[in-house]
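# Residue-level structural notes
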Amino acid sequence: MSTEILEPEAAEPDLAQMDCVYAKPDTLTDTPSHYCPGCGHGVAHRVLMEVIDELGIQEQTIGVAPVGCSVFAYQYMNVDMQQAAHGRASAVATGIRRVHPDKYVFSYQGDGDLAAIGTAETIHTVNRGENILVLFINNAIYGMTGGQMAPTTLLGMKTTTSPLGRTVETAGFPMKITEMIAMLPGAYYVSRNSVHTPNAVRHLKKAITKAFQYQKEKKGTCFIEVVSNCPSGWKMTPLQANEWMEENMFPMYPPGEIKVPKP
Amino acid sequence: MRGTDVSDNSNIRLMKGNEALAEAAIRAGCQAYFGYPITPQSEILEYLTDEGRRRGMIVLQAESEVASINMVYGAAGAGARTMTSSSSPGVSLMQEGLSYIACAELPCLVVNVNRGGPGLGTIQPSQGDYFQSVKGGGHGDYHLIVLAPASVQEMADFVFDAFNLADKYRNPVMILADGALGQMMEKVEFRPYNPADHIPPKPWATVGKPKDRERTIITSLHIQPEKMEEINLHLQEKYRRIREREVRYELVQTEDAEYLLVAYGLVARIAHRALELARAQGIRVGLLRPQTLYPFPTEARRGFTTQVRGMLTVEMNAGQMVEDVRLAVEGKVPVDFYGRMGGIIPSPEEIVKALEKLMKNSVAETAEVY
């Protein structure tokens, strides 16, 4: 795909004469992003913060950042935040929510954090039905440390620690932790989404909005997976990465609502 | 309140050390407790689940000690007076979390009712976790403030002190007891304490960001080395202030002492009996009992180097605190060690024997020099 580089207009546009149709919400800071071009984290951050802004709950929200690429989530999210040890975000969120039972608490975690080192904390937090939102970004790789195999890495997928492709013999199967989570009675709402198209973004936004509503009603844990990409780790352009994700990740991790409240 | 009435005063009870500690935590205004069962401290979790919950405490039995300490991190960061408790193997699992808590400067109390190790070891009392407790324990340069009770009374008293110190310095505080102190019953009197008079405002806590203030971030990540060094220097400066102001110890019959016993916790009480036996034989011996293991009473020991002919450190381990005693006296007097391991408690008679050996050797050394 070629990109046309536009020449700047000769005269500065008069902003006062223009309608503002889209703006950055106050729940996002002005910090320049450290995420790689094409990475899904930026959009996922934006959607989460947009919902918090639209619901008007910025002052009542406390977030927990993980270890991994999104360790710096607190640089962009303009809400009170705690950074947790690797895998322990849901335990930290439990501590916060128990102390502030009427506030909104979310954890934002990647696949290595949530589905490998933090599996025990994840499962027990949901099993207790802690009234928090767990936002789980699954890009099937450890991005921050340079692209190693993750619990969700697909069979045959090449990473720096599965250079010939992941095999069952040496590394077992890709973990469908979201389906496991949905089996737990403490999980009230479980959904799998993505952020690679405007339509997908709209679905994710709806899911997060519901999750905060359920949290307000103290219904139990809401767990939202975002199947995402890692252009740098996957060694692809952003466009290739999104196409590869649709073709290969979606069959294993199909988007859609997995557990919804009974009417 | 549980325990047996031993007087008309409702603040005086006959209780196990673990129960007294738990009762004190409720009275100290601890808002949230997170714990996991392990012998010999499970009574703390049990007492708080029952009595603490009834009196308004948030009590959660976590899935592991790893989860417990991270729940403490979350609750402390959210502004609550909070604690956890465990015993040696469980405290090992908490070391990562403690390192994060120390760096993020979150006040909390961690109780270690020390049992014999290494490994799964034994449920009997031990002081084998001294190094882990006072030198940091987890990764990086940090210290806990470590209090060492020697009675059921101090199991209660030190809880109030621990929470006050934690808030004063925004630092995790450990009460390092042992299995015997946790399990034995003694009379305990609870001091009058109104938490509202002691808990300071916590403007740094994550409680939700009002429009008129910047967001609060609790983190131990500072990826720029210059910033990370600055954080380290700040922590080291705090530890220097703690060493300057918070040293606590007890002296027993040291005025005329020619020899000094050094022991903490349960062993200090046995050493006290050994002191009486030795004095009956005409040996002029005193006892120094550190109540704070970090900060360590270094100056107090140094003061004795011109007075005594030798020191005997007694511990329920292979010789850990003795290293700090030797550092303090800088070779000016001989420092011997006597210890038992694996859950064995030394007897007063054994300590007297070790003292006699020290006397023989220190006289011989003196003879060699002169």
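About the cut-offs
Residues numbered from 1 in each chain as written. Chains lettered and ligands numbered in written order. Predicted model: local features only at pLDDT ≥ 70, side-chain atom pairs only at ≥ 80, totals over all residues. Helix = DSSP H or I, 4+ residues; strand = E, 2+ residues; numbered from the N terminus. Rg over C-alpha atoms; globule rule 2.2 N^0.38 Å. Contact = placed C-beta atoms within 7 Å. Buried ≥ 20, exposed ≤ 12 C-beta atoms within 10 Å, placed from the backbone. Axes fitted to C-alpha atoms, helices over the stretch in contact; angles between N-to-C directions. Parallel < 35°, antiparallel > 145°, perpendicular 65-115°, else oblique. Left-handed = near helix turned anticlockwise from the far one by under 90°. Nonpolar A, V, L, I, M, F, W, Y, C, P; charged D, E, K, R; others polar. Pairing = 2+ DSSP bridges. Expected span 1.5 Å × (residues − 1). Bend = angle between axes of the 7 residues up to and from the residue. Arc of directions from axis to C-beta. Core = buried A, V, L, I, M, F, W, Y, C linked by C-beta atoms within 7 Å. Right-handed = clockwise from strand over helix to strand, strands pointing away. pLDDT = per-residue confidence, 0-100.

Bringing the overall build of chain B into the picture now. Each helix and strand in chain B was counted, giving 14 helices and 16 strands. Expected size for 370 residues packed as a compact globule is a radius of gyration near 21 Å; at 21 Å, chain B falls within 12% of this value. Considering only contacts within chain B whose residues lie at least 6 apart along the sequence, 76% involve residues at least 24 apart.

Counting its secondary structure elements, chain A contains ten helices and nine strands. Relative to the compact-globule value of 18 Å for 263 residues, chain A shows a C-alpha radius of gyration of 19 Å, a close match. Principal axes of the C-alpha set define a box for chain A whose edges measure 60 × 50 × 35 Å. Within chain A, the proportion of its 263 residues that are buried is 51%. Taking contacts inside chain A between residues at least 6 apart in sequence as the whole, the part at least 24 apart equals 68%.

Further remarks concern the packing of helix H1 (residues 17–27) of chain B against helix H7 (residues 152–169) of chain B. All names here are of chain B. Between H1 and H7, the shortest axis-to-axis distance is 8 Å and the interhelical angle comes to 25 degrees. It follows that H1 is roughly parallel to H7 by the angle criterion. Crossing geometry of H1 relative to H7 is assigned as right-handed. The residues of H7 that touch H1, namely those facing Gly17, Ala20, Leu21, Glu23, Ala24 and Ala25, are Val152, Met155, Ala156, Val159 and Phe160. Residues that form the contact of H1 with H7 fall into these classes: nine nonpolar, one polar and one charged.

Opposite the 29 residues of chain A that make contact, chain B presents 34 residues. Listed by contribution, the elements that provide at least two residues to the side of chain A that touches chain B are strand E1 (61–65), strand E2 (80–83), helix H3 (89–99) and helix H5 (119–127) of chain A. When residues of the side of chain A that touches chain B are assigned to their parent elements, the largest contribution, eight residues, is made by H3(A). Partitioned by chemical class, the residues of the side of chain A that touches chain B number 13 nonpolar, ten polar and six charged. Of the strand pairs in this sheet, E2(A) and strand E10 (residues 217–218) of chain B are connected by two bridges, and their pairing is parallel. When the bridges of E10(B) are listed, A:Met81 appears paired with B:Ile217.

This paragraph deals with helix H2 (residues 42–54) of chain B. Residue and element names in this part refer to chain B. Its 13 residues place the ends of H2 18 Å apart at the C-alpha level, agreeing with the 18 Å of an ideal helix rising 1.5 Å per residue. At Leu48, H2 shows its maximal bend, which comes to roughly 35 degrees. Among the residues of H2, those classed as buried are Glu43, Ile44, Leu45, Tyr47, Leu48 and Gly52. With its phi angle positive at about 95 degrees, Gly56 sits one or two positions after the end of H2.

Another aspect to go through is the packing of helix H3 (residues 65–77) of chain B against helix H5 (residues 95–104) of chain B. Residues and elements named next belong to chain B. Orientation of H3 relative to H5, taken along the N-to-C sense of each, is 15 degrees, at an axis distance of 9 Å. On the basis of their axis angle, the class for H3 and H5 is roughly parallel. Regarding H3 and H5, the two cross each other, and that crossing is left-handed. Across from Val66, Ile69, Asn70, Tyr73, Ala76 and Gly77 in H3, the residues of H5 making contact are Gly97, Leu98, Tyr100, Ile101 and Ala104. Partitioned by chemical class, the residues of the contact of H3 with H5 number eight nonpolar, three polar and no charged.

Buried residues of H5(A): A:Glu121, A:Thr122, A:Thr125 and A:Val126, and no others. Along H5(A), the residues classed as buried sweep out an arc of 120 degrees about the axis, all on the same side. Structurally, H5(A) contributes buried residues whose contacts are with H3, helix H4 (111–117), helix H7 (177–182), strand E7 (187–194) and strand E8 (221–227) of chain A together with H3 of chain B. Backbone geometry just downstream of H5(A) places A:Gly129 in the positive-phi region, at approximately 65 degrees.

Let us now look at the sheet that holds E10(B). Pairing is mixed in the open sheet, where eight strands are placed in the order E9(A)-E7(A)-E8(A)-E4(A)-E3(A)-E1(A)-E2(A)-E10(B). One side of each edge strand has no neighbouring strand; the edge strands of this open sheet are strand E9 (256–259) of chain A together with E10 of chain B. Pairing between strand E3 (residues 104–110) of chain A and strand E4 (residues 133–138) of chain A: five bridges, direction parallel. Of the residues in E4(A), the one forming a bridge with A:Phe106 is A:Leu133. With respect to the sheet, helix H1 (residues 40–55) of chain A is in contact with E1, E4 and E8 of chain A, its orientation differing from that of E4(A) by roughly 160 degrees.

Before going further, it helps to spend a moment on the nonpolar core. Residue and element names in this part refer to chain B. Grouped together as the largest cluster of nonpolar side chains are 190 residues, with contacts concentrated most on Ala25, Leu261 and Ala271. Among the elements that make up this core, the one with the highest residue count is H7 (nine residues). If we ignore the near neighbours within four places in the chain, the residues touching Ala25 are Cys30, Tyr33, Leu48, Met83 and Val159.

This brings us to the environment of B:Glu96. If you trace the backbone, B:Glu96 turns up in helix H5. According to the C-beta neighbour criterion, B:Glu96 is partly exposed, with 18 such atoms within 10 Å. The spacing of B:Glu96 and B:His139 is 43 residues in sequence and 7.1 Å in space, taken between C-alpha atoms. Among all residues touching B:Glu96, those that are not within four sequence positions of it are A:Ala85 and B:Gly138.

Before going further, it helps to spend a moment on the pairing of E8(A). Residues and elements named next belong to chain A. Of all seven residues that make up E8, seven are buried, and the element is covered over most of its length. Burial along E8 is two-sided: Thr221, Phe223, Glu225 and Val227 facing one way and Cys222, Ile224 and Val226 facing the other are all buried. Where E4 meets E8, six bridges bridge the pair, whose relative direction is parallel. Each residue of the ladder has a partner; that of Leu133, found in E8, is Cys222. Bridging between E7 and E8 involves seven bridges; their strand directions are parallel. Paired with Val190 across the bridge in E8 is Phe223. With helix H8 (residues 198–216) bridging E7 and the parallel E8, this β-α-β connection has right-handed handedness.

Residue and element names in this part refer to chain B. The mixed open sheet is built from seven strands, whose spatial order is E4-E3-E5-E6-E8-E7-E14. Taken across any chain shown, the strands that pair with only one partner, and hence form the sheet edges, are strand E4 (58–61) and strand E14 (292–294). Across this sheet, the average inter-strand angle for adjacent strands is 20 degrees, counted without regard to direction.

Residue and element names in this part refer to chain B. Summing up the model confidence of chain B, the mean pLDDT is 95 and the portion of residues at 70 or higher is 98%. The low-confidence segment residues 366–370 (pLDDT under 50) makes zero contacts with residues lying over four places distant or belonging to another chain. Predicted complex metrics record ipTM = 0.94 and pTM = 0.95.

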